[in-house]
Amino acid sequence: MIEFTRRTLLCSGSAAVFLGATPTEAEEPFHLGLTPVFLDNDAEVIGRLRTALAAALGVPIELEQRRTYEEVTGLLLEGSVDAAWLCGYPYLQHKDALSLVAVPVWNGKPLYQSYLIAGKEDDALKLEDLRGGTHAFSDPDSNSGYLVTASDLARLGLRPEGFFRRTIFTYGHRNVVRAVSDGLVRSGSVDGYVWETLAKAEPKLTERTQVISRSEWLGFPPFCARADRMGEARLRALREALLGLGQTEEGHIALGLLQLDGMTTATPELFDGIERRIRDYENLR
Amino acid sequence: MEAIRRIPLSLRVPLLAAGLMILVGIIASRQVLSTLGQVQDARIRELAQLQVESLSVALGPHVLRDDIWEVYDTLERAAGETEGRRMVFTAVADEHGHVLAATDPVRAPLDSPISALTEGAQTPETLSVTGDAARVRLLAPLLYQGRAVGQIMTELDVADLVAERWRAGRLLLLGNALATGVLSILGYLAMRRMLMPIARLVRRMRETADAPEPIPESDLPRGDTEMTRLVRTYNAMTDAVVAKADTERRLAERERFVSLGRLSSSLAHEINNPLGGLLNAVDTVRQYADRPDVVRQSADILSRGLNHLRDVAQATLDQNRLDRSSAPLSFEDFEDLRLLVGPEISRQEQKLNWQVSASGEALSSFASAPLRQVSLNLLLNASAAAGTKGEVSLMVSEKPGVLCLSIGDSGDGLSDAARARLLSDAPVPPGGGVGLRLVHDLVKELNGSVSSERKESMTFVDVAVPIAPTEVSSPC
């Protein structure tokens, strides 16, 4: 018969806990949801981001990419991904279930604008001048790529499908710029941060477009996680990693490629402007 | 056409060969270009079919969902990946024919009718690039899961294929021109060499002055070709020409002898005929030497007879050309004739009917010698034909513009040989007398005519000579 002493049991228990839990914690990759709506499929940016976060978190990073915000938000809500880089609009749509992890800082602020753009030769000066034309949105759950223009129209008592002759969704801010630049559509609603970034990285694409109007400053698309999982160590680690992204070499390069200054914490109030637009939009609906 | 005929054979044949070569070259070039066109058509059809099928697979779901961006993005990517940018423009329409997206949205705006772009578009099955257009349009249904959900219109850049065909055409043209030129020159030289015997033959024939000269054996074309046979035939012909010339020369010589014989015979005849009368006159002089009137009459006869002999001699000297400038015909000439034939008539105890009813004026319009000769010959011939105790007649009459001499005899008529000599212009066969032929020739020279008829057991030879010498006489 084997005799177990208290020390042996403790040691055994500790060993069992260590053997059973540690490999799971250590090997379970961190799933981060991304969408090309905001972040284009730039292999280098994604690679750098993955490396920087993996180094910070100490686990492999699995980047789960989907075409739409709706799909990524769904993955986040069902737990298939641990966190996701979303937009303020889907965050606010699921504000009760989601929490903010970090918000990127661009030009010193966690804010950005929505741009209404048209072809370079177009003589439109404001949104009303685009009536009857074709218009490109990026995603129906995008703040800058849909909600801003839709709420502006709602404030005029109009709906996009009635105001424009035809609207299309490109599921990417860069695609909106391409659609307007190539003449596929007359105008488009695009993330101001993306347009400005493209103006530096791909000036040939943006120089065939012009910004007709800019929205007010709104909360930058945040990294979110499920509120009920915010206490988890890996989410805390993610927050630390994001906030300290500029401290690591890989993170610094990734931020440089994204033309971001860094990451910061934020409260839901940052997105009050979007909140107001949602209300205006839904009031008409 | 006439100008072509004037071109020498040695140039015409090579030119013809060159023309045929050019014709063959053109046909061959057209065939090659046609085949090239077919190959290009097959290639472009296969490519277009593949492209349309690929696009259908890629675009089908997006078209079905009316996902314009995805359609556009797919077209963009497909256009960027097309080999050599063959597809320079593509537009996709929904099943109602409204454009969903195009690689050039400015050219084919969203929702515009695709029919505005499909003018002259071909189907994938009939796609052809044989024209000169650098771009061709293709319209195909967009099939997805077995049903047409839209249409694809694509514009293909076929400038390289057109250029390839032009390049092939130019190379063919150049090659054919070169080949034709070289072969034409070779053909010209070969033809010239082959036709050289003919040229030599022509030169020989042209240079021939009298008799053609044969081409020496050493210059004969080698082998038993048509040319060799032609030259041999030519040589045989030159031999034949020489032989013929020899024969003609011999015949001419013989003819000369025949003429000489005829002349001698005629001379003897003409001298012999009056001799009887002259000797008779001499006998009369001897017998009646004491009667001056008889002697004078006989002397006159002798004189006229000798004058006649002189005329005959003169005529003989002139051969066939009797002296037309001699004394005019008169009644005395016929009296002379009567005297001349008298002895022969008497000898054969023949009856002679003599009637000269023509006017002296009519008689005097003729020279005496030819008609005397004609009358004498015919009378002697009639006397010979009438035989012993036969009957001979001479009638000289005058019709308007015509002097008629009719000599008759009671003989059996003219033999065929005599008839031929007297009445026809046919050559006289060797042998036989020349008197009748002389009559024929003399009458012909006087533009007169000779005929013969048999009437009441008498044979008459009628001679009609026009009083106006240019007119051809009508028969008496």
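Keep in mind that this is a model prediction, so the values were computed, not measured.

Colleague: Requested: an account of the sheet that holds strand β2 (residues 99-102) of chain B, with residues and values cited.
Modeller: Neighbouring strands of a sheet are bound in pairs by backbone hydrogen bonds; such pairs are parallel or else antiparallel. All names here are of chain B. Strand order in the open sheet formed by four strands is β2-β1-β4-β3, with antiparallel pairing between adjacent strands. Of all strands in the sheet, those with a lone pairing partner are β2 and β3 (135-144), marking the two edges. Neighbour-to-neighbour, the strand axes of the sheet open up by a mean angle of 20°, direction not taken into account. Where β3 lies against strand β4 (residues 147-157), ten bridges are found, and the strand directions are antiparallel. Counterpart to Leu-142 in the pairing with β4 is Gly-150.

Colleague: Give me a nonpolar patch on the surface: which residues, what numbers.
Modeller: All names here are of chain B. On the surface, Met-21, Leu-178, Val-182, Leu-183 and Leu-186 cluster together to form a nonpolar patch covering roughly 450 Å² of accessible area. If you tally residues by element for the nonpolar patch, the top one is helix α4 (residues 159-194), at four residues. Position of Leu-186 among the secondary structure elements: in helix α4.

Colleague: Which residues make up the nonpolar core, and what values go with them?
Modeller: Side chains of nonpolar character tend, in soluble globular proteins, to be buried together. Ranked by size, the top nonpolar core spans 115 residues in total, and within it Phe-30, Leu-53, Ile-117 and Leu-238 of chain A carry the most contacts. Looking at which domains feed residues into this core, each of domain 1 (12-110 + 220-272) and domain 2 (114-215) of chain A supplies at least three. Look past the residues within four positions of Ile-117 of chain A in its chain and what remains in contact with it is Val-176, Val-177, Val-180, Arg-186, Ser-187, Gly-188, Val-190, Trp-195, Thr-209, Gln-210, Val-211 and Ile-212 of chain A. Judged by nonpolar contacts, the second largest core, of 36 residues, contains Val-374, Leu-394, Leu-405 and Val-465 of chain B.

Colleague: Before we move on, could you go through the packing of aromatic side chains and cite the residues and values that matter?
Modeller: Aromatic rings in a pair are described by how distant their centres are and how their planes are angled relative to each other. Residue and element names in this part refer to chain A. Under the definition given, this model contains 14 aromatic pairs over all chains. Here Trp-106 and Tyr-193 contribute two aromatic rings whose centre-to-centre distance is 5.4 Å and whose plane-to-plane angle is 75°, an arrangement assigned as edge-to-face. Within this pair, whereas Trp-106 is found in the loop between β4 (98-105) and β5 (111-112), its partner Tyr-193 is found in helix α8 (residues 192-201), the two being separated by 87 residues in sequence. Comparing Trp-106 with Tyr-193 shows no difference in burial state: the two are buried. Measuring from ring centre to ring centre gives 5.8 Å for Tyr-146 and Tyr-281, while their planes differ by 90°; the resulting arrangement is edge-to-face.

Colleague: Lay out the confidence of the model for chain B with the relevant residues and their values.
Modeller: Caution applies to low-pLDDT parts of the model: their predicted coordinates are not meant to be read in detail. Residues and elements named next belong to chain B. Per-chain confidence: chain B averages 81 in pLDDT, with 87% of residues scoring 70 or above. Counted against residues more than four places away or in other chains, residues 319-325, with its pLDDT under 50, gives eight contacts. Complex prediction metrics read pTM 0.59 and ipTM 0.83.

Colleague: So what's going on with empty space enclosed by the protein? Which residues, and what values?
Modeller: The gaps of empty space that remain are located by a probe, the size of a water molecule, rolled over the atoms. Residue and element names in this part refer to chain B. Taken as a whole and judged by the stated rule, the model has three cavities of 30 Å³ or more. In this model, the second largest cavity occupies a volume close to 60 Å³. When residues of the lining of the second largest cavity are traced back to their parent elements, those giving at least two are α6 (226-287), α7 (292-317) and α8 (331-347). The residue inventory of the lining of the second largest cavity, partitioned by class, reads five nonpolar, two polar and three charged.

Colleague: Outline the sheet that holds strand β8 (residues 166-169) of chain A, listing residues and values.
Modeller: Residues and elements named next belong to chain A. Pairing is mixed in the open sheet, where five strands are placed in the order β8-β7-β9-β6-β10. Two strands bound the open sheet, and with one partner strand each, they are β8 and β10 (209-214). The sheet shows a mean angle of 30° between the axes of neighbouring strands, taken without regard to direction. Bridging between strand β7 (residues 134-137) and β8 involves four bridges; their strand directions are parallel. The residue of β8 that forms the bridge with Ala-136 is Ile-168. Where helix α5 (residues 143-155) meets the sheet, it contacts β6 (114-119), β7, β8 and β9 (187-191), and its direction lies at approximately 120° from that of β9. Across the sheet, α8 is in contact with β6, β9 and β10; its angle to β9 comes to roughly 95°.

Colleague: I'd like a description of the pairing of strand β1 (residues 87-94) of chain B, backed by residues and values.
Modeller: Put simply, side chains in a regular strand alternate between the two faces of the sheet. Residue and element names in this part refer to chain B. A large share of β1 lies buried, amounting to seven of its eight residues. For β1 and β4, the ladder comprises seven bridges, and the chain directions are antiparallel. Of the residues in β4, the one forming a bridge with Met-87 is Leu-156. Pairing of β1 with β2 involves three bridges; the strand directions are antiparallel. Paired with Ala-91 across the strands is Ala-102, a residue of β2. What sits between the antiparallel neighbours β1 and β2 is a turn of four residues, in which Gly-97 has the positive phi angle 85°.

Colleague: Hey, could you go over the pattern of salt bridges for me, with residue numbers and the actual values?
Modeller: Residue and element names in this part refer to chain A. Counting across every chain of the model gives 30 salt bridges over all chains. Taking the shortest distance from any N to any O, the salt bridge between Arg-48 and Glu-44 comes out at 4.0 Å. With Arg-48 and Glu-44 both in helix α2 (residues 43-57) and four residues apart, the pair spans about one turn of that helix. Residue class for Arg-48 comes out partly exposed when judged on its relative accessible area of 25%. The salt bridge involving Arg-155 is made with Asp-280; its shortest N-O contact spans 2.7 Å. With Arg-155 in helix α5 and Asp-280 in helix α12 (residues 272-284), this residue pair connects regions lying 125 residues apart in the sequence. One network of salt bridges, in which partners are shared, links Asp-152, Arg-155, Glu-216, Arg-277 and Asp-280.

What counts and what doesn't
Residues numbered from 1 in each chain as written. Chains lettered and ligands numbered in written order. Predicted model: local features only at pLDDT ≥ 70, side-chain atom pairs only at ≥ 80, totals over all residues. Heavy atoms only, no water. Pairing = 2+ DSSP bridges. Helix = DSSP H or I, 4+ residues; strand = E, 2+ residues; numbered from the N terminus. Axes fitted to C-alpha atoms, helices over the stretch in contact; angles between N-to-C directions. Patch = residues over 30% accessible without salt bridge, like charges linked within 9 Å, V, L, I, M, F, W, Y side chains within 5 Å. Areas by Shrake-Rupley, 256 points an atom, 1.4 Å probe, with all protein chains shown as cover. Salt bridge = Lys/Arg side-chain N within 4 Å of Asp/Glu carboxyl O. Core = buried A, V, L, I, M, F, W, Y, C linked by side-chain atoms within 4.5 Å. Buried < 20%, exposed > 50% of the residue type's maximum accessible area, 1.4 Å probe, protein only. Domains from an automatic or database assignment. Contact = heavy atoms within 4.5 Å. Phe/Tyr/Trp six-rings, centres within 6.5 Å; stacked < 30°, edge-to-face > 60°. pLDDT = per-residue confidence, 0-100. 1 Å grid on protein atoms, 1.4 Å probe; cavity = no way out; pocket = protein on both sides within 12 Å on 5 of 7 lines; lining within 4 Å. Points joined across faces, edges and corners; volume = space filled by probe spheres on them. Nonpolar A, V, L, I, M, F, W, Y, C, P; charged D, E, K, R; others polar.

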